[in-house]
Amino acid sequence: MAHEDVGAPAPFAAPAEGTVVVYRGATLIDGTGGPARPSTSVVVDGARIRAVAPDGEIPAALLAEAQIVDLRGAFVVPGLIDSHQHIATPPNRPVAEAALRRQVYGGVTAIRDMADDLRQVADLARATLVGEIPGPDIHYAALTAGPGFFDDPRTWQVSQGAVPGAVPWMQAVTDATDLPLAIALARGTHATAVKIYADLPAATVAAITTEAHRQGLGVWAHAAVFPASPGEVVDAGVDAVSHVHLLVHEFAGRPLTTYKDKPPVDRDRFVSGDDQEMAGLFARMRERGTVLDATNSLWDWLADDADTPEAKAQARANAELSAALTGQAFRAGVDISAGTDYETEPGQPYPSLHDELVFLVERCGIPAVQAIRSATLVGALSMGTEDVMGTVTEGKLANFVVLQQDPLADIRNLRSISCVVKRGLRLDRADFTPHDDTQDSPEGRTGR
């Protein structure tokens, strides 16, 4: 096929290599969890970081040729990563594009999409990658579950025109499934990972995990898969588990059966944040390097959205449980990512990840510098992209956020954004205006 001139670059495309910009004089919080680094320069060449060094170590010849952005008095953090999003359940392109736009102008330069209609997600991922639309990079999963799960109405929403459980992005798995073929089909969607959702026994969870890793895919799972318990999911070798409140089902007092048949939860046992049996599970997660995608602030969002006093009270109780477990996991040395599993309503100025970070600091007792690490380096670890993002480091993508105020003094200062740099492209916060042009389609949704 003959090469054709593709014309002008897309409006939000990364700058060309050789376009050098020096962001100079900021206090850098680099995402590693280490101390802030004052008077630091970040040298960007195209879409990549060429150097990160004290201001005085940048060669004069480079400064003479580069564009200089004076950031004295400002703070720089890595681009934020929401490790649990859903942008196409059900698929709605205008709603998704509005959410992605708000995310990137709100400091979020990558998201982990935890299973949706991948026909739409794949094109959105392409569009944000090449710069046709503003938005974070999107790394997404193809879902696997037992056949009993596929009467869930969400599975029909994301499989319109086909049969849920029988499409490459949403597969029903049984003992008779040809797993190498099933994983290959998932790979064909250009997914980053396989998500293990529900109604699968421990042996099948382990088999899916082994095959997915063999074929180069990550494995992201619910913390309890029913009947597979949290301990069995961790022992299977999955890369990350979602929803910290599900971990209590390791100690259910009876065998787990199905996703729809969850045993009662003894919240009082765990809200102190020092349960010794839970400590043993956290130790296994730390040893295996299992990332915990806690999704804490989801419960506050659900409580605010609840229709009945009973539903509101249950969501508040789950928020308390999640806070206690996440705090215990952090103290045990488990890597905790910052995932949300919802979006704030259209017209709100900032995406939901900011609320999750406030929750991690104020409700879970995690220091601000470590909460930022959760939303940067650990977020990258959760999707296997730590080699290219998650810290402000030489050689990685030029993804970072410039702040007017110190987020270590108050995590809410992450909202004091002056600009976001995504793949080297500068997006000024002043160019973003919150608006609600999707009133007929609810943006707030969850793929729980």
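The preceding data block contains the structure.
Residues numbered from 1 in each chain as written. Predicted model: local features only at pLDDT ≥ 70, side-chain atom pairs only at ≥ 80, totals over all residues. Heavy atoms only, no water.

A. Fine view of the packing of helix 9 (residues 276–288) against helix 11 (residues 309–331). Running from amino to carboxyl end, helix 9 crosses helix 11 at an angle of 55°, the nearest separation of the two axes being 10 Å. Taken as axis vectors, helix 9 and helix 11 run oblique relative to one another. Helix 11 is crossed by helix 9, and the crossing has right-handed handedness. In this structure, helix 9 uses Met278, Ala279 and Phe282 to contact helix 11, whose residues at the interface are Leu325, Gln328 and Ala329. Of the residues assigned to the contact of helix 9 with helix 11, the class counts are five nonpolar, one polar and no charged. (Axes fitted to C-alpha atoms, helices over the stretch in contact; angles between N-to-C directions. Helix = DSSP H or I, 4+ residues; strand = E, 2+ residues; numbered from the N terminus. Parallel < 35°, antiparallel > 145°, perpendicular 65-115°, else oblique. Left-handed = near helix turned anticlockwise from the far one by under 90°. Contact = heavy atoms within 4.5 Å. Nonpolar A, V, L, I, M, F, W, Y, C, P; charged D, E, K, R; others polar.)

B. Expanded view of the environment of Thr27. By the secondary structure assignment, Thr27 is in strand 1 (residues 20–28). When the C-alpha atoms of Thr27 and Pro38 are compared, they prove to be 4.0 Å apart, with 11 residues separating the residues in sequence. In contact with Thr27, not counting residues within four places along its chain, are Ala36, Arg37, Pro38, Ala74, Phe75 and Val76.

C. Region of the structure containing the packing of aromatic side chains. Scanning all chains against the criterion turns up eight aromatic pairs. Between Tyr197 and Tyr259 the ring centres are 5.4 Å apart and the planes differ by 65°, which places this aromatic pair in the edge-to-face class. Taken together, the positions of Tyr197 in the loop between strand 11 (193–196) and helix 6 (202–214) and Tyr259 in the loop between strand 13 (240–242) and helix 8 (267–270) put the pair 62 residues apart, joining distant regions of the chain. The residues Tyr197 and Tyr259 share a single accessibility class, namely buried. (Phe/Tyr/Trp six-rings, centres within 6.5 Å; stacked < 30°, edge-to-face > 60°. Buried < 20%, exposed > 50% of the residue type's maximum accessible area, 1.4 Å probe, protein only.)

D. Layout of the packing of helix 5 (residues 179–187) against helix 6. Relative orientation of the contacting elements helix 5 and helix 6 amounts to 55°, with a least axis distance of 10 Å. Relative to helix 6, helix 5 is oriented oblique. Note on packing geometry: the crossing formed by helix 5 with helix 6 is right-handed. Packed against helix 5, whose contacting residues are Leu179, Pro180 and Ile183, the element helix 6 presents Ala207, Ile208, Glu211, Ala212 and Arg214 at the interface. For the contact of helix 5 with helix 6, the class distribution of residues is six nonpolar, no polar and two charged.

E. Broad picture of the nonpolar core. Residues Ile138, Leu247, Met285, Leu292 and Leu357 are the most contacted members of the largest nonpolar core, which totals 101 residues. Looking at which element gives the most residues to this core, the answer is helix 11, with six residues. For Leu292, the residues in contact, after removing those within four places along its chain, are Val241, Val244, Leu247, Met285, Ala329, Val334, Asp335, Ile336 and Ser337. One finds Leu28, Val42, Val76 and Phe400 within the second-largest nonpolar core, a separate group that totals 18 residues. (Core = buried A, V, L, I, M, F, W, Y, C linked by side-chain atoms within 4.5 Å.)

F. Molecular detail of unusual backbone geometry. The residue after Thr89, namely Pro90, is reached through a cis peptide bond having omega -10°. By the secondary structure assignment, Pro90 is in the loop between strand 6 (80–85) and helix 2 (93–105). In the segment running from Phe226 into Pro227, the intervening peptide bond is cis, with an omega of 15°. By the secondary structure assignment, Pro227 is in the loop between strand 12 (218–222) and helix 7 (230–235). With phi around 95°, Ala115 is a residue other than glycine that occupies positive phi space. With respect to the helices, strands and loops of the structure, Ala115 is situated in the loop between strand 7 (108–113) and helix 3 (118–130). Its relative accessible area of 7% is what places Ala115 among the buried residues. If you check the backbone angles, His243 has positive phi at about 75° while not being a glycine. Within the secondary structure layout, His243 lies in the loop between strand 13 and helix 8.

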